[in-house]
Amino acid sequence: MMEYDLITILGPTASGKTALAAALAHSLHTEIISGDSRQVYRRMDLGTGKDLADYVVDGDPVPYHLIDIAEPGTKYNLFEYQRDFLSVYNRLHACGVVPILCGGTGLYIESVLRAYNLRQVPEDAALRERLSSKNLEELTDILRGYKILHNTTDVDTPKRAIRAIEIAEYELVHKADERALPQIRPLVVGVDLSREIRRERITRRLKQRLEEGMLDEVRRLLGEGIPAENLIY
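Read on for a plain summary of the structure. In this text, all values refer to a predicted model and were calculated from it rather than measured experimentally.

1. A few points about the overall build of the protein
Thought 1: Each helix and strand in the protein was counted, giving 10 helices and seven strands.
Thought 2: Counting over 233 residues, the protein shows a buried share of 36%.
Thought 3: Within the protein, contacts between residues separated by at least 24 positions form 76% of all contacts whose residues are at least 6 apart in sequence.
Thought 4: Looking at the protein as shown, the accessible area adds up to about 13800 Å², and 52% of this sits on carbon and sulfur atoms.
Thought 5: Computed over 31 positive and 36 negative side-chain charges, the inter-centroid distance for the protein is 2 Å.

Right under this line is the structure:
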């Protein structure tokens, strides 16, 4: 195990990765770092599929991190996830612990395994206003003026294109943020199941969550004043 800094268990919805990660963490006396972009939100337990019971193995709780760390309605993002992951990872690593990263949000996992050099780019209200009347083709042409478009997802929608322009404009005048990014040596384990089994599991889990009160959970969050569009996000 000493040749690895991190064990990563990934897989699609309902593949059983959380239960596997918890069982392995219990066996190795280590801790889990979540790699899920929705389970960061408090009081969104059923809707985000936290399955917290999976973190108890043979009656023993398995320590986990980056679950229930943000308020519903806030826009937690990739930059913040990488920052929070590194904080937990560095603390555990200093104690000689090889943590287990487990989750289904590929971009979150990739950002730490590949040490993405991210920066937090603020919104530019004036720029957004100037671009608001442009169509997608016009926005794409503007973005090409900043860079070669290797990634077509930047121009999937006008909203994405405007954000990409906003980032490109910011990068013209600001130096890259300096952030210590460790070169992690991960053991990556992918969990895979047949589509038929996954469909059956997803259907069963959805029915179970509805029976356990998922609709009531949403009603409570709406009752707190959280706009429906924020919950959909």
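2. Comments concerning the environment of Glu138
Thought 1: Looking at where Glu138 falls in the secondary structure, it is placed in helix H6 (residues 136-144).
Thought 2: Taking the C-alpha atoms as reference points, Glu138 and Pro158, 20 residues apart in sequence, are found 9.4 Å from one another.

3. Overview of the sheet that holds strand S5 (residues 64-65)
Thought 1: Pairing within the open sheet is parallel, and its five strands lie in the order S5-S2-S6-S1-S7. Sheet topology places S5 and strand S7 (186-190) at the edges, where each strand pairs with a single neighbour.
Thought 2: Sheet strands touched by helix H4 (residues 106-113): strand S1 (6-10), strand S6 (100-103) and S7. Its angle to S1, the strand with the most contacts, is close to 160 degrees.

4. Focus on the pairing of S6
Thought 1: Residues Ile100 and Cys102 of S6 are buried on one face, and the alternating residues Leu101 and Gly103, pointing to the opposite face, are buried as well.
Thought 2: Bridge count for S1 against S6 is four bridges, and the pairing is parallel. What sits directly across from Ile9, in S6, is Cys102.
Thought 3: The pairing of strand S2 (residues 32-34) with S6 spans three bridges and is classified as parallel.

5. Structural notes on the environment of Val62
Thought 1: Locating Val62 in the fold gives a position in the loop between strand S4 (60-61) and S5.
Thought 2: Note: C-alpha distance between Val62 and His26 (36 residues apart in sequence) is 6.2 Å.
Thought 3: Dropping the residues within four chain positions of it, Val62 is found in contact with Ala22, Ala25, His26, Thr30, Ile32, Tyr55 and Val57.

6. Some details on the pattern of salt bridges
Thought 1: The full count for this structure, using the stated rule, is 16 salt bridges.
Thought 2: Taking the shortest distance from any N to any O, the salt bridge between Arg83 and Asp84 comes out at 3.0 Å.
Thought 3: What makes Asp84 buried here is its relative accessible area of 17%.
Thought 4: A salt bridge links Arg128 to Glu123; the shortest N-O distance between them is 3.7 Å.
Thought 5: Overlapping salt bridges bring together Arg42, Arg43, Glu71 and Glu224 as one network.

7. Let's talk about unusual backbone geometry
Thought 1: Phi angles above zero are rare outside glycine, and His29 is one such case at about 55 degrees.
Thought 2: By the element assignment, His29 lies in the loop between helix H1 (17-28) and S2.
Thought 3: Residues other than glycine seldom take positive phi values, yet Asp51 does so here, at roughly 50 degrees.
Thought 4: The residue Asp51 is located in the loop between helix H2 (45-48) and strand S3 (56-57) in this model.

About the thresholds
Residues numbered from 1 in each chain as written. Predicted model: local features only at pLDDT ≥ 70, side-chain atom pairs only at ≥ 80, totals over all residues. Heavy atoms only, no water. Helix = DSSP H or I, 4+ residues; strand = E, 2+ residues; numbered from the N terminus. Buried < 20%, exposed > 50% of the residue type's maximum accessible area, 1.4 Å probe, protein only. Contact = heavy atoms within 4.5 Å. Areas by Shrake-Rupley, 256 points an atom, 1.4 Å probe, with all protein chains shown as cover. Lys, Arg positive; Asp, Glu negative; His and termini not counted. Charge placed at Lys NZ, Arg CZ, Asp CG, Glu CD. Pairing = 2+ DSSP bridges. Axes fitted to C-alpha atoms, helices over the stretch in contact; angles between N-to-C directions. Salt bridge = Lys/Arg side-chain N within 4 Å of Asp/Glu carboxyl O.

None of the figures reported here should be taken as evidence of function without further support.
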